[in-house]
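# Architecture at a glance
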Amino acid sequence: MPDKGKNVPKIDMKDRIRQIMEAQHMTQQVFADFIGTTPATLSGIFNDRTRPSINIVECIKKKIPDINTDWLMFGTGQMYLHANAAASDPQNPLDGSHLPGSNGSEPLIDFGSVPSSTPQSVVSSPSSYNGVRNTQQIMLREEVKHLDKPQRRVTEIRVYYDDQTWESFVPSKK
């Protein structure tokens with residue numbers, strides 16, 4: 001009789017999230033942007049500082065509808081609800097065949113192109129869009145206008161000594 005539960009490595013939810021990220025051929029930064037969370041949130045999960053919340057599960061499910069939430073949360077069942085449909089559907093993002101670089105000819109990230117659209121949460125204006133090409137701050141030039149004022153003159157100089165005495169010097173008038 002097989003021994004159930006012994007010598008079976010425990011796979012945490014963070015490991016299943018990492019499997020999804022790797023199946024999508026994404027870095028931690030790209031995956032965080034893809035599901036709509038911060039890289040710091042994923043880093044906290046992967047480094048055991050925080051546990052994955054239901055919000056993370058919802059974000060992943062929203063972006064990858066074929067993901068099996070029972071598998072994601074509890075490790076039961078298959079990774080995808082329709083495993084054979086994911087592999088055969090060319091429009092399905094789960095197999096990664098639509099990604100640049102999946103055929104080896106295109107790079108995964110093209111730094112030379114300008115994004116065709118901005119995310120909905122970002123207001124597209126020069127002051128708030130932080131793309132690679134728009135990282136330079138806009139410098140405002142302030143002009144100070146000097147008014148004609150009479151030149152200042154020294155009228156008296158006082159020197160204080162440590163013995164509690166002082167002297168005054170008044171410049172002589174020319």
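As a reminder, the structure under discussion sits directly above these lines.
So, here's what we can say about the structure. Every value quoted in this text rests on a predicted model; they were computed, and no experiment measured them.

About the cut-offs
Residues numbered from 1 in each chain as written. Predicted model: local features only at pLDDT ≥ 70, side-chain atom pairs only at ≥ 80, totals over all residues. Heavy atoms only, no water. Helix = DSSP H or I, 4+ residues; strand = E, 2+ residues; numbered from the N terminus. Buried < 20%, exposed > 50% of the residue type's maximum accessible area, 1.4 Å probe, protein only. Contact = heavy atoms within 4.5 Å. Areas by Shrake-Rupley, 256 points an atom, 1.4 Å probe, with all protein chains shown as cover. Core = buried A, V, L, I, M, F, W, Y, C linked by side-chain atoms within 4.5 Å.

### Some thoughts on the overall build of the protein chain
Along the backbone of the protein chain there are six helices and two strands. Going residue by residue from the N terminus, the α and β elements of the protein chain occur as α-α-α-α-α-α-β-β. When each of the 174 residues of the protein chain is scored for burial, the buried share is 20%. Taking all contacts inside the protein chain whose residues are at least 6 apart in sequence as the whole, residues at least 24 apart take part in 34%. A total accessible area of about 14,700 Å² is found for the protein chain, and carbon and sulfur atoms account for 53% of it.

### Things to note about the nonpolar core
Residues Ile 17, Ile 20, Phe 31, Ile 60, Ile 67 and Leu 72 are the most contacted members of the largest nonpolar core, which totals 20 residues. Broken down by secondary-structure element, the contributors of at least two residues to this core are helix H1 (13-23), helix H2 (28-35), helix H3 (39-46), helix H4 (54-63) and helix H5 (69-74). At four residues, H1 tops the list of elements feeding residues into this core. Look past the residues within four positions of Ile 67 in its chain and what remains in contact with it is Ile 20, Ile 60, Lys 61, Met 79, Tyr 80 and Leu 81.

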